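Spelled out, the chains give:
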Amino acid sequence: MQNSKCDVIIKKRKILYGGFAMDYRRFGNMIIARIDKGEEILTQVKELALKEEIKLASVQALGAVNRFTAGVFLIDEKHYQANEFEGNFEIVSLTGTINTMQDEFYCHLHMSAGNERGEVFGGHLNQAFVSATCEMVIQIVEGKVDRRFDKETGLNLFEF
């Protein structure tokens, strides 16, 4: 049986990593993904971006995590201070970009997550492990924006 035109356009794929499988579908320039329990979010985003050859995209997500590391950039010291969190957390917001730096994959995500008491913690996302599910939407943008290190700020900034 041949695949229909719709089957060719709307592809279901699985990325295998560490015994887990992130599931997603692509609809034109939009990807809808489900990251499953035990998977690390940044690792899955990278695997997906490399597989789909994404050079520029916007990312948004929600879900639940049980362990994450997020931080804040200390401007005067020009480095990130990381904070680690463990417990039951709902992702209130996960947003950011996928692009490149020196033509290699680069991802910049921020996440806020709330605990059982409604206290919210977050910042620049370094690592996050899904406790139940993470629903992600990736909007691919035609084009490419690279990054470069800026000595004055100590950050990797967009280079147009």
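The shown structure was predicted, so the numbers you read here are calculated from the model rather than taken from an experiment. (Residues numbered from 1 in each chain as written. Predicted model: local features only at pLDDT ≥ 70, side-chain atom pairs only at ≥ 80, totals over all residues. Heavy atoms only, no water.)

**Student:** Would you mind going over the environment of Asp 103 with me for this structure?
**Tutor:** Structurally, Asp 103 is set in the loop between strand E5 (79-101) and strand E6 (104-114). Classification of Asp 103 by relative accessible area gives partly exposed; the value is 46%. Here the alpha-carbon distance between Asp 103 and Asp 146, two residues 43 residues apart in the chain, equals 6.7 Å. Apart from the residues lying within four places of it in its own chain, the contact partners of Asp 103 are Lys 144 and Asp 146. (Helix = DSSP H or I, 4+ residues; strand = E, 2+ residues; numbered from the N terminus. Buried < 20%, exposed > 50% of the residue type's maximum accessible area, 1.4 Å probe, protein only. Contact = heavy atoms within 4.5 Å.)

**Student:** How should the pattern of salt bridges be read in this particular structure?
**Tutor:** Enumeration according to the criterion identifies 7 salt bridges in this entry. Residue Arg 148 pairs with Asp 150 through a salt bridge whose shortest N-O separation is 3.4 Å. When its relative accessible area of 15% is taken as the criterion, Asp 150 is described as buried. Where salt bridges share partners, they join Asp 23, Arg 34 and Asp 36 into one cluster. (Salt bridge = Lys/Arg side-chain N within 4 Å of Asp/Glu carboxyl O.)

**Student:** What's the story with unusual backbone geometry in this structure? I'm lost.
**Tutor:** Trans peptide bonds make up most of the peptide bonds, and negative phi angles are found at most residues other than glycine. Although it is not a glycine, Gln 102 sits at a positive phi angle of roughly 55 degrees. Here Gln 102 lies in the loop between E5 and E6. Judged by relative accessible area, Gln 102 falls into the exposed class, the value being 64%. Backbone geometry at Asp 103 places phi at a positive 65 degrees, although glycine is not the residue there.

**Student:** I tried to follow the pairing of E5 on my own but got confused; where do I start?
**Tutor:** Regular strands show a simple pattern: their side chains alternate between the two faces of the sheet. Sheet analysis places strand E4 (residues 57-74) next to E5, joined by 16 bridges and oriented antiparallel. Within E5, the residue paired with Ser 58 across the bridge is Thr 97. Adjacent in sequence and paired antiparallel, E4 and E5 are bridged by 4 residues, among which Lys 78 carries a positive phi angle near 55 degrees. In this sheet, E6 lies alongside E5 in antiparallel orientation, the contact comprising 11 bridges. Bridge pairing in E6 links Thr 100 to Phe 105. Where E5 folds back on E6, the antiparallel hairpin that results is connected by 2 residues, among which Gln 102 adopts a positive phi of roughly 55 degrees. (Pairing = 2+ DSSP bridges.)

**Student:** When you look at the pairing of E6 in this model, what are you seeing that I'm missing?
**Tutor:** Relative to strand E7 (residues 120-140), E6 runs antiparallel, the two being bridged by 5 bridges. The partner of Ala 113 across the bridge, within E7, is Phe 121. The antiparallel hairpin formed by E6 and E7 contains 5 residues in its connecting segment, where Gly 118 sits at a positive phi of about 85 degrees.

**Student:** Explain helix H2 (residues 41-52) here, please?
**Tutor:** Since the α-helix packs 3.6 residues into each turn, any two residues three or four apart lie on the same face. Over its 12 residues, H2 extends 16 Å from the first C-alpha to the last, a length consistent with the 16 Å expected when each residue adds 1.5 Å. For H2, the full list of buried residues reads Ile 41, Leu 42, Gln 44, Val 45, Leu 48, Ala 49 and Glu 52. The arc that holds every buried residue of H2, seen down its axis, measures 160 degrees, which confines them to one face. With a side-chain oxygen positioned 3.2 Å from the backbone nitrogen of Leu 42, the residue opening H2 is Glu 40. Downstream of H2 by one or two residues, Glu 53 has phi in the positive range, about 55 degrees. (Expected span 1.5 Å × (residues − 1). Arc of directions from axis to C-beta. Polar contact = N/O pair within 3.5 Å; in protein donor to acceptor, adjacent residues only side chain to side chain.)

**Student:** Got a minute to help me understand the confidence of the model for the protein in this structure?
**Tutor:** Detailed reading of the predicted model is not advised wherever pLDDT is low. In this model, the protein carries an average pLDDT of 90, and 88% of its residues clear a pLDDT of 70 or more. Within the model, the stretch residues 1-19 combines pLDDT values under 50 with 31 contacts to residues more than four positions away or in other chains. (pLDDT = per-residue confidence, 0-100.)

**Student:** I would appreciate a short explanation of the packing of aromatic side chains in the present structure.
**Tutor:** In this description, a pair of aromatic rings is defined by centroid distance and the angle of the planes. One pass over the full model with this rule turns up 7 aromatic pairs. A ring pair is formed by Phe 73 and Tyr 80, whose centres lie 5.0 Å apart and whose planes are at 65 degrees; its orientation type is edge-to-face. By relative accessible area, Tyr 80 is classed as partly exposed at 34%. Arranged with centres 6.5 Å apart and planes meeting at 80 degrees, the rings of Phe 89 and Phe 121 form a pair that is edge-to-face. One end of the pair, Phe 89, is in strand E5; the other, Phe 121, is in strand E7, and 32 residues separate them in sequence. (Phe/Tyr/Trp six-rings, centres within 6.5 Å; stacked < 30°, edge-to-face > 60°.)

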